Amino acid sequence: MGFIDGIKARAKADKKTIVLPESYDMRVIEAASKIVKEGVADVILIGDPDDIAKSAAGFDLTGVQIVNPETFERLDDFIVHFYELRKRKGMTLNDSRRILTSNFLFFGVMMIKMGLADGMVGGCTTPTANLLRPSLQILKTAPESKLVSAFFVLDVPNCEYGADGVFIFSDAGLNQNPTSEELAHIAYDSAKTFETLVGKKPITAMLSHSTMGSASHADVDKVRNGVEFAHKEYPDLLVDGEFQLDAAIVPEVGQQKAPGNEIAGHANVLIFPDLDAGNIGYKLVQRLAKAEAYGPITQGLAGPVNDLSRGCSADDIVGVTAITAVQAQMSKKN
């Protein structure tokens, strides 16, 4: 069973309710139909039912819940709650009403906050910042996390490295140039996420163009300091570095460049020094190795809200929805 098939099976076993706010996009309509048909999750589409019905011609939306913010029976509760969350920032009740009835991303996150949904998947038509803004304003950062970051799950076919070809690449979607301390926090959250989603022991490598001092540069120092901080802050975290990519995942190279190191050559969680490296890295693997790439998936929020690439397909949305449902399962247990 491949990675995403296993995730779907877990999602089906304890079905959650996921909001898809971009109901005006045909990929979302198609994905909603597939998600419900496969039993991956219960789906809420946000928008005017008549408009959605016109767009959905040819797709079966039986079982999909459609919520129109303008006529929603709990709209007043939402407005007051959102106002209370943001009044210190100058929000008025009129502002709250206007935002919640016109911006479906905000409305979708409020559905999570108010306990009417377990997670949300969006971003196929909007930049990441527009998705994270309501998430941070309404849900905020999870108590156990120091920052919000974004990762990709890469499932590489016919690959003997990582966890049978499955890796987490982090941060590959959000933090432009994390500090040493932020790299450590990203490593910790990514390792926990790997264990949650993949179900195997996370082995975490902090990446660089240097392996264990083979090069000298401020960029290398940042990664090395991040490793030291992670060792102090998270003593149970299996993490080391700095590693070049081949030293991190190829056993023969790892033992040649870092002999005796238990992580070298065995990493399945890869922490990139900056967003440029992470974004370029995941796209290289996705395109050249024909890997399945799921994300960017967020971690560190007090509720699962996940982003989509604007070039995503309907099947990508189905996959990220399944991942979001599993994250919701785990957050309920915690």
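Residues numbered from 1 in each chain as written. Predicted model: local features only at pLDDT ≥ 70, side-chain atom pairs only at ≥ 80, totals over all residues. Heavy atoms only, no water.

> Looking at this structure, how should I read the sheet that holds strand E4 (residues 119-122)?
Neighbouring strands of a sheet are bound in pairs by backbone hydrogen bonds; such pairs are parallel or else antiparallel. Spatial strand order, E3-E2-E1-E4-E11: five strands in an open sheet with parallel pairing. Both edges of this open sheet fall to strand E3 (65-67) and strand E11 (305-307), since each of them pairs with a single strand only. Each neighbouring strand pair of the sheet contributes to a mean axis angle of 25°, computed without reference to strand direction. Helix H7 (residues 128-139) contacts E4 and E11 of the sheet and is inclined by roughly 170° relative to E11. (Pairing = 2+ DSSP bridges. Helix = DSSP H or I, 4+ residues; strand = E, 2+ residues; numbered from the N terminus. Axes fitted to C-alpha atoms, helices over the stretch in contact; angles between N-to-C directions. Contact = heavy atoms within 4.5 Å.)

> Which parts of the structure should I look at to understand the sheet that holds strand E8 (residues 239-243)?
Ordered by their spatial adjacency, six strands build an open sheet running E8-E7-E9-E6-E5-E10, and the pairing between neighbours is mixed. Strands with a single pairing partner mark the edges of an open sheet, and in this sheet they are E8 and strand E10 (292-299). When the angles between neighbouring strand axes are averaged without regard to direction, this sheet yields 25°. Of the pairings in the sheet, the one linking strand E5 (residues 149-155) to strand E6 (residues 166-170) comprises five bridges and is antiparallel in character. Looking at the pairing, aspartate 155 lines up with valine 166 of E6. Along the sheet face, helix H9 (residues 218-233) touches strand E7 (204-207) and E8 and points at about 170° away from the line of E8.

> Any chance you could explain helix H4 (residues 75-86) here in plain terms?
Each full turn of the α-helix corresponds to 3.6 residues, which orients residues three or four apart in the same direction. End to end, H4 covers 17 Å across twelve residues, agreeing with the expected 16 Å (1.5 Å per residue, within 8%). Where H4 is concerned, the buried positions are Leu75, Phe78, Ile79, Phe82 and Arg86. Projection of H4 onto a plane perpendicular to its axis shows the buried side chains occupying an angular sector of 100°, all on one side. Buried residues along H4 sit in contact with helix H5 (93-102), helix H6 (104-113) and H7. (Expected span 1.5 Å × (residues − 1). Buried < 20%, exposed > 50% of the residue type's maximum accessible area, 1.4 Å probe, protein only. Arc of directions from axis to C-beta.)

> Can you walk me through the state of the cysteines in this structure?
Evaluated as defined, the whole model comprises zero disulfides. A disulfide-free cysteine, cysteine 124 has its sulfur positioned 4.9 Å from the sulfur of cysteine 312, the nearest such atom. According to the relative accessible area criterion, cysteine 124 is buried, its value standing at 2%. (Disulfide = S-S within 2.5 Å.)

> Explain the side chain of serine 145 to me, please; I cannot follow it from the model alone.
Its location among the elements puts serine 145 in the loop between H7 and E5. Apart from residues lying up to four places away in sequence, serine 145 is in contact with Asp189 and Gly300.

> Which parts of the structure should I look at to understand the nonpolar core?
Side chains of a nonpolar character, in soluble globular proteins, are inclined to be buried together. The biggest cluster of nonpolar side chains holds 56 residues, and the ones touching the most others in it are Phe3, Leu20, Leu45, Leu197 and Met206. Those residues in contact with leucine 20 that lie beyond four places of it in its chain are Val28, Ala32, Ile35, Val43, Ile44, Leu45, Ile46, Val121, Ile317 and Thr321. Among the nonpolar cores identified, the runner-up in size contains 29 residues, and Met114, Ala117, Leu131 and Val148 belong to it. (Core = buried A, V, L, I, M, F, W, Y, C linked by side-chain atoms within 4.5 Å.)

> In this structure, what is going on with the pairing of E5? I would like to understand it.
Regular strands show a simple pattern: their side chains alternate between the two faces of the sheet. In terms of burial, E5 is largely enclosed, as seven of its seven residues are buried. The alternating pattern of E5 places Ser149, Phe151, Val153 and Asp155 and Ala150, Phe152 and Leu154 on opposite faces, both of which are buried. Of the strand pairs in this sheet, E5 and E10 are connected by six bridges, and their pairing is antiparallel. Bridged to alanine 150 within E10 is threonine 298.

> Help me understand the pattern of salt bridges, please; the structure alone is not making it clear to me.
Side-chain pairing between opposite charges can occur once the charged atoms of the two side chains come close. For the coordinates displayed, the defined rule picks out 14 salt bridges. Of the charged contacts in the structure, one is a salt bridge between lysine 34 and aspartate 315, with a shortest N-O distance of 2.8 Å. Remark: aspartate 315 occurs in helix H13 (residues 314-333) and lysine 34 occurs in helix H2 (residues 26-38); sequence separation between them is 281 residues. The class for lysine 34 is partly exposed, based on a relative accessible area of 25%. In this structure, the salt-bridge partner of lysine 200 is aspartate 164, at a minimum N-O distance of 2.8 Å. Placement of the pair is lysine 200 in the loop between helix H8 (180-198) and E7 and aspartate 164 in the loop between E5 and E6, with a sequence separation of 36 residues. Note on lysine 200: relative accessible area 37%, which makes it partly exposed. (Salt bridge = Lys/Arg side-chain N within 4 Å of Asp/Glu carboxyl O.)

> It is not clear to me how unusual backbone geometry should be interpreted in this structure. Could you clarify?
In terms of backbone geometry, most residues other than glycine have negative phi values and most peptide bonds are trans. Here serine 170 and aspartate 171 are connected by a cis peptide whose omega angle stands at -20°. Cis geometry is found at the peptide bond from glycine 295 to proline 296, where omega equals 5°. Looking at the element boundaries, proline 296 is found in strand E10. For lysine 140, which is not a glycine, the phi torsion comes out positive at approximately 70°. By the secondary structure assignment, lysine 140 is in the loop between H7 and E5. If you check the backbone angles, lysine 290 has positive phi at about 55° while not being a glycine. With respect to the secondary-structure elements, lysine 290 resides in the loop between helix H12 (275-288) and E10. Taking relative accessible area as the criterion, lysine 290 reaches 65% and is therefore assigned exposed.

> Any chance you could explain the environment of proline 127 here in plain terms?
Positionally, proline 127 belongs in the loop between E4 and H7. Classification of proline 127 as partly exposed rests on a relative accessible area of 34%. Sequence-wise, proline 127 and alanine 205 are 78 residues apart; in three dimensions their C-alpha atoms are separated by 29 Å.

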